[in-house]
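Coordinate analysis (summary)
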Amino acid sequence: MTTPPGRRALPKVAVGLLVGAVALVLALWGVPLADVGHALADLHLPWLIPVAALFLVQQALRALRQMVILRARYPRHTFRTSLSVLCIGFFFVNTLPARLGEVVRPILLAEREDIPLGTGFAMVVVERAVDLVAMGVMVSVLAWLVPAPEALTQLAPGVDLVAFGRSMVGVAVPTVVAGLLALLLFGGHAVDLGARLTSRWSTGRLAPLRSRVLSFARHFVSGVDAVRQPARLASILGLTAATWGLTGFMYPALAHGLGIGHAIDYTAGMGLLGVTMLGMALPAAPGFAGTYEAAVRAGLALYDIAGTAPVRPGGPTLDATAVAYALVMHWWIHITQSATAIWFLVADRVHPMSVLRKVFHAPVGAAPESR
């Protein structure tokens, strides 16, 4: 008998809720809600339009990248399906705790286009690996070209945080690249070896489970083949760079809307993006509530958006503006992303509760694993 994925994730859910609650307290610490309301009232709403537009373009680019990866094995996969699956999948990623929503895209791809679960999960792994490498490269370039904010040097006196960050990138990026190369070079041999070592289980009660695991593993290894083709890999990397490069413009756009555009330019926006991605890597509550706000407020502090000084004479304080910025950036993007997901849920007649049942209650290996 296998344990439902949702039940196995309960400890992660509990940790995510605790971390999110603590982070939310830290994000709001020392700032009266009335002051936050004052800052929100100062928001120039037209600046929300470019933020939403940039996010929608980002979603389209990510769907296009997803399509490029999957077409390495399934050339009939369409952009329309890719965009629908991505929007719905990321809605669940951004809503469910412990990143349980990551399994939604592979499940939808298996149901809609008979793409094996192993291939779907391989696509997710390739995306995550390429994103990590791309962000590492971009953050490293910015760290070399742009002077570190003074506040960064004050966080840990005597510790060179910039050098530490470069060292971490220098370890993480080669590790991810080495892992992908190992999958490409030795993944198939490892699966074959596993099949031989478990051959005595090819009959009996364990036979169905062995068959499913080996099928999943073979499809997973073959799904990584997208990065083996130079032209396809170049497209994946180009789309990744365009996605994150455009995302950096969202932060100064909102900063102008809240009157702090002088402090948050494009390079600062890329820095904020890096900080928020680090924050979102922590165990999270549903919707990344708390962890996102804390990360954004910490990032803004690096660019001197902190303290009780007013943004302008008679205006809200910098602390209140930082909290307002974090709340608006988080939940405006969440609303925009949710609206696209709801549109596709209705247009494609996908029932959210049915998806949730598959995420939380389906035994391991119960989903379609054909071809």
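Residue positions within a chain follow its written sequence, with the count starting from 1. Residue-level local features of this predicted model are given only where pLDDT is at least 70; pairs of side-chain atoms are given and counted only at 80 or more, and the full residue set underlies all totals for whole chains, interfaces and linings. Note that the side-chain values use all heavy atoms of the structure and ignore hydrogens as well as water.

Quick notes on the overall build of the protein chain
- To qualify as a helix, a DSSP run of H or I must reach at least 4 residues; to qualify as a strand, a run of E must reach at least 2; elements of each kind are numbered from the N terminus. Scanning the protein chain from terminus to terminus reveals 16 helices and zero strands.
- Accessibility here uses a 1.4 Å probe with only protein chains present; expressed as a share of the type maximum, an area under 20% marks a residue as buried, one over 50% as exposed, and anything in between as partly exposed. When each of the 371 residues of the protein chain is scored for burial, the buried share is 46%.
- Throughout, a residue-residue contact means that at least one pair of heavy atoms, one from each residue, lies within 4.5 Å. Counting contacts in the protein chain only where the partners sit at least 6 residues apart, residues at least 24 apart contribute 75% of the total.

Focus: the pattern of salt bridges
- Take a side-chain nitrogen of Lys or Arg and a carboxyl oxygen of Asp or Glu: if they are within 4 Å of each other, that pair is a salt bridge. Across all of its chains, the model carries ten salt bridges by this definition.
- Note that Arg297 and Asp319 form a salt bridge whose closest N and O atoms lie 3.4 Å from each other. In this pair, Arg297 sits in helix α14 (residues 291-302) while Asp319 sits in helix α15 (residues 318-347), placing the two residues 22 residues apart along the sequence. Take Arg297 and Asp319: they sit in the same class, and that class is buried.
- Sharing partners across several salt bridges, the network here consists of Arg62, Arg65, Glu102, Arg128 and Asp131.

Notes on the nonpolar core
- Ile88, Phe92, Val104 and Val224 are the most contacted members of the largest nonpolar core, which has 41 residues in total.
- Elements with a contribution of two residues or more to this core: α4 (48-70), α5 (79-93), α6 (104-113), α7 (117-145), α9 (161-197), α11 (230-247), α15 and α16 (352-361).
- The element that contributes the greatest number of residues to this core is α5, accounting for eight residues.
- Counting 33 residues, the second-largest nonpolar core is a separate cluster that includes Phe55, Ala253, Leu258 and Val296. Side-chain atoms within 4.5 Å are what join buried Ala, Val, Leu, Ile, Met, Phe, Trp, Tyr and Cys residues into a set we call a nonpolar core.

Section: the packing of α11 against helix α13 (residues 266-280)
- Whenever a helix is involved, its axis is fitted only over the stretch in contact; in every case the axis is a line through C-alpha atoms, and angles between N-to-C directions fall within 0 to 180 degrees. Axis separation between α11 and α13 bottoms out at 8 Å; the angle between their running directions is 110°. The angle between α11 and α13 falls in the class roughly perpendicular. For the pair formed by α11 and α13, the contact residues are Trp244, Gly245 and Thr247 on the first element and Tyr266, Met270, Leu273 and Met277 on the second.
- In this count, Pro and Cys sit with the nonpolar residues alongside Ala, Val, Leu, Ile, Met, Phe, Trp and Tyr, while Asp, Glu, Lys and Arg are called charged and the others, Gly among them, polar. Counted by class, the contact of α11 with α13 contains five nonpolar, two polar and no charged residues. Comment on the angle field: the value is read as roughly parallel under 35 degrees, roughly antiparallel over 145, roughly perpendicular from 65 to 115, and oblique elsewhere.

A few points about the confidence of the model for the protein chain
- The score called pLDDT rates the predictor's confidence residue by residue, from a low of 0 to a high of 100. The predicted model of the protein chain has a mean per-residue pLDDT of 82, with 79% of residues at 70 or higher.
- Across residues 363-371, confidence stays below pLDDT 50; counting only partners more than four residues off in sequence or on other chains, it has 24 contacts.

Quick notes on α14
- Compared with the 16 Å implied by 1.5 Å per residue over twelve residues, the 17 Å span of α14 between its first and last C-alpha is a close match.
- The element α14 is largely enclosed, with a buried count of nine among its twelve residues.
- Within two residues after α14, Asp304 carries a phi angle of roughly 65°, on the positive side. Expected helix span is taken as 1.5 Å per residue step, with the number of steps being one fewer than the number of residues.

What to know about a nonpolar patch on the surface
- A patch consists of residues whose relative accessible area exceeds 30% and which take part in no salt bridge; residues with like charges are grouped when within 9 Å of each other, and nonpolar side chains (Val, Leu, Ile, Met, Phe, Trp, Tyr) when within 5 Å. Method for areas: the Shrake-Rupley scheme with a 1.4 Å probe, in which residue coverage is limited to the protein chains shown. The grouping of Val177, Leu181, Leu185 and Phe186 at the surface amounts to a nonpolar patch, some 380 Å² of accessible area in total.
- Positionally, Leu185 belongs in helix α9.

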